[in-house]
Amino acid sequence: MVEPILSVRGLHTSFSAQEGTVRAVDGVSFDVFEGRTLGVVGESGCGKSVTARSILGIVERPGRVTGGEILLRRAGGGAPVDLLKLSPDDMRKVRGREIGLVFQEPMASFSQYYTIGNQIGEGIRLHLGLNAKAARERAIELLDMVGVPQPSRRVDEYPFQLSGGLRQRVMIAMALSCDPRVLIADEPTTALDVTTQAQILDLLRDLQQKHGLAIILITHDMGVIAEMAHDVAVMYLGRAVETGPVRDIFGEPRHPYTRALLRSIPTVLAKPRSRLPTIEGSIPHPFNRPVGCAYHPRCVEIVDDQCRTEEPPEAGPSTHRIRCFLHGGRAATGAAQ
Amino acid sequence: MSETLLEVRDLKKYFPIRKGLLRRVAGQVRAVDGVSFMVRKGETLALVGESGCGKTTVSRCILRALSTTEGEINFTIGGKTVDLAKMTRAQLRPLRRHMQMVFQDPYSSLNPRMVVGDIIGEPLLINGMSNRAERRRRVLELMELVQLPAAYINRFPHAFSGGQRQRIGIARALALNPELIVADEPVSALDVSVQAQILNLLLDLQDRLRLTILFVAHDLSVVKHVADRVAVMYVGRMVEVAETEALYSRPLHPYTEALLSAAPAPVPDAISNRIILEREIADPANPPPGCAFHPRCRYATERCKQERPEMAEVEPGRYVACLRWDELSLRGIAAMT
């Protein structure tokens, strides 16, 4: 049995405001394996980005991780460590070194005052202890690896001199600068045009094959998930409602939300001017999280009052987990009582 | 055949690049460089392309939110055809009610200090419906049309979700019974589950009110669900215009082929033979000679580098601007699955 590099267990992250507490991530669990991509998909407010930030320990105030474990198997073997128990200093050695991060908005994530070579080099010098000259050489090597043309010239340019696609390549180079084993990519192609998106996704796949990267890909786009992910976690209002291999999620979706979501996606394969099946209503405001199963007010397959009053536990085979009373949840609660 | 509502002929819009202390004109950005197409009454024409292709500039020229550099915009109303490009502001004023706009971002396009009733009623007030009761009646009628509960009439925009806000924007655009609706990326800021609702609404409204829609979008999947015909732009030029089904199943321009191939489909394993375009979109301030697409085109020859292709009707209703269109057999969406 292959051990996961990263396991998230029962992660809870909440934001407290005057109006109340928002449970942005409310008990999320998943595993990430070497050379595989876990796609985390969901609509706005489902907690996918907060999950990523929780793993890296960069949740912004007033947000706070309130429970769970994030187990990382560090390079060089040994027992997995719980990132939530690390000191800020130790966590700094993980962030950027063992887990790389690619953000959505490449323009907002770079400093405009330093050359890209400088910015890539910063992490290399800090984590790997190289001197300025060696770091620069490594930066050029990395730019070449991610397909930036004329890397030895580009290394001295500033982010505003690059196009969106190139900036995202530089961001990937930066995330991979210290050979991390896990890469978290948060909507890496959302700000890009489709033809550029195709280039970047191709690059990520290629790098994964070469370096055996474990990738957590966070996106709202089911098309990107279908293309990139090996495993998928579908999130709704802070919970993973369905987790499983990509073929099962698309081939035999079980949770009513996954099913409805897949049906409602526009596709180039549709008949022209064909009406799409819709999901009724809209995503509730996080302060008004519905009692019971959070999806029940929009669910067309609602079972009975249980959906309105109890939160469905996780059920199903170990490779395909579902949080819905339609799928063995009832039996599971019965046994627990 | 249905009559023509709008005919755009050889439209050009150049933006000057100013440099130096004296703001001398140092060059031109050819945002739109000779675009021709027409929109039939009652149809949806989708204007598609990637960022910087000029699609939004075309739509703003039609609405005369921008003046044009050259070309004609012939609009037929009440049996009379007028050239919007040549009209003065005073001449335009009575015509504006026939052309309305739906914006991309429902969060910034509604005044946060006005209640829904006033937002939808404002165009009525400006166009002389001064009777309060009459206006309220019309506003309620419009709210019903876009499926907003009448009870929301006195609420402010912040109380609404993205999808509901977009319904408010659509109701406002419909208030004056316009002939033409220009919708610039009306669903791209929405969550997928809400996107489908708005697309269906547009289809419904079009059937009921016999609306003509110019649908500006970058997403070919969304376009497939609403458009009768599709016009594809690349760096300020039109490259292909065709009926939706024909364009998707048998593209005639290599750029259309690449765009279709890059669109991620929600089907795992669908990407084995994707076309990945190399390099980046050309700069409209400095477009390459010949066909602007030639540096990225896998079928380009020496001739493509020198000779600029003009758009021609190559089959009834099919227009393409490619020197080699009749030698190539390009892949449509059927080849992708």
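Note that the coordinates shown come from a computational prediction; the quantities given were computed from them, not determined experimentally.

Draft legend 1. Focus on the overall build of chain A. For chain A, the helix and strand inventory stands at 13 helices and eleven strands. Taking 2.2 N^0.38 as the reference for a compact globule, 337 residues should give roughly 20 Å; the C-alpha atoms of chain A span a radius of gyration of 21 Å, in line with that estimate. Expressed as lengths along the three principal axes of its C-alpha atoms, the size of chain A is roughly 65 × 55 × 45 Å. Counting across all 337 residues of chain A, residues that qualify as buried make up 53%.

Draft legend 2. Main features of the environment of Pro-256 of chain A. Residues and elements named next belong to chain A. Looking at the secondary structure, you find Pro-256 in helix H11 (residues 256-263). Between the C-alpha atom of Pro-256 and that of Cys-299, which follows or precedes it by 43 residues, the distance is 6.7 Å. For Pro-256, the contacting residues outside a window of four places in its chain are Tyr-295, Cys-299, Glu-301, Cys-324 and Leu-326.

Draft legend 3. Representation of the side chain of Asp-191 of chain B within the structure. On the secondary structure map, Asp-191 of chain B appears in the loop between strand E7 (180-184) and helix H6 (192-209). Within the buried set, Asp-191 of chain B has no salt-bridge partner at all; the shortest N-O distance to an opposite charge, 6.1 Å, is to Lys-48 of chain A. Apart from residues lying up to four places away in sequence, Asp-191 of chain B is in contact with Glu-43, Ser-44 and Ile-283 of chain A.

Draft legend 4. Fine view of the side chain of Asp-82 of chain A. Mapped onto the secondary structure, Asp-82 of chain A falls in strand E5 (residues 81-82). Within the structure, the side chain of Asp-82 of chain A is placed 3.0 Å from the backbone nitrogen of Leu-84 of chain A, a separation counted as a polar contact.

Draft legend 5. Spatial organisation of the nonpolar core. Residue and element names in this part refer to chain B. Core analysis: the biggest nonpolar cluster contains 75 residues, and Ile-170, Leu-174, Phe-215, Val-223, Val-230 and Tyr-248 have the highest contact counts within it. At seven residues, H6 tops the list of elements feeding residues into this core. Excluding its chain neighbours within four sequence positions, the residues that come into contact with Ile-170 are Val-102, Val-146, Ile-198, Leu-201, Leu-202 and Leu-205. Phe-37, Ile-62, Ile-73 and Phe-75 belong to the second-largest nonpolar core, a separate cluster that totals 35 residues.

Draft legend 6. Representation of H6 of chain B within the structure. Residues and elements named next belong to chain B. Compared with the 26 Å implied by 1.5 Å per residue over 18 residues, the 26 Å span of H6 between its first and last C-alpha is a close match. Here H6 lies mainly inside the structure; 14 of its 18 residues are buried. The positive-phi residue at the C-terminal boundary of H6 is Arg-210, with phi of around 50°.

Draft legend 7. Structural view of the sheet that holds E5 of chain A. All names here are of chain A. Strand order in the open sheet formed by four strands is E2-E1-E4-E5, and the pairing between neighbours is antiparallel. Where the open sheet ends on each side, the last strands, each with one partner, are strand E2 (20-32) and E5. With eight bridges connecting them, strand E1 (residues 6-17) and strand E4 (residues 63-72) associate as antiparallel partners. Looking at E4, one finds that Leu-6 is bridged to Leu-72. Most of the contacts of helix H1 (residues 48-56) go to E1, to which it runs at about 110°, and overall it touches E1, E2 and E4.

Draft legend 8. The arrangement of the environment of Met-101 of chain B in detail. Residue and element names in this part refer to chain B. Among the structural elements, Met-101 can be located in strand E6 (residues 99-102). For Met-101, a relative accessible area of 16% corresponds to the buried category. It is 9.7 Å that separates the C-alpha atoms of Met-101 and Ile-213, two residues lying 112 residues apart in sequence. Residue contacts for Met-101: discarding those within four places in its chain leaves Leu-63, Ala-173, Val-182 and Asp-184.

Draft legend 9. Representation of the pattern of salt bridges in the model. Residue and element names in this part refer to chain A. Applying the stated rule across the entire model yields 43 salt bridges over all chains. When the shortest N-O distance is used, the salt bridge between Asp-26 and Arg-289 registers 3.6 Å. Of this pair, Asp-26 sits in strand E2 while Arg-289 sits in the loop between H11 and helix H12 (305-309), placing them 263 residues apart in sequence. With respect to burial, Asp-26 and Arg-289 carry one shared label: buried. Two residues, Asp-202 and Arg-205, come together in a salt bridge whose shortest N-O distance is 3.5 Å. A residue pair is termed a helical-turn pair when its members lie 3 or 4 positions apart in one helix, as Asp-202 and Arg-205 do in helix H8 (residues 194-211) at three residues. Among the ionic contacts, a cluster of salt bridges with common partners joins Arg-23, Asp-26, Arg-239, Arg-289 and Glu-311.

Definitions and limits used
Residues numbered from 1 in each chain as written. Chains lettered and ligands numbered in written order. Predicted model: local features only at pLDDT ≥ 70, side-chain atom pairs only at ≥ 80, totals over all residues. Heavy atoms only, no water. Helix = DSSP H or I, 4+ residues; strand = E, 2+ residues; numbered from the N terminus. Rg over C-alpha atoms; globule rule 2.2 N^0.38 Å. Buried < 20%, exposed > 50% of the residue type's maximum accessible area, 1.4 Å probe, protein only. Contact = heavy atoms within 4.5 Å. Lys, Arg positive; Asp, Glu negative; His and termini not counted. Salt bridge = Lys/Arg side-chain N within 4 Å of Asp/Glu carboxyl O. Polar contact = N/O pair within 3.5 Å; in protein donor to acceptor, adjacent residues only side chain to side chain. Core = buried A, V, L, I, M, F, W, Y, C linked by side-chain atoms within 4.5 Å. Expected span 1.5 Å × (residues − 1). Pairing = 2+ DSSP bridges. Axes fitted to C-alpha atoms, helices over the stretch in contact; angles between N-to-C directions.

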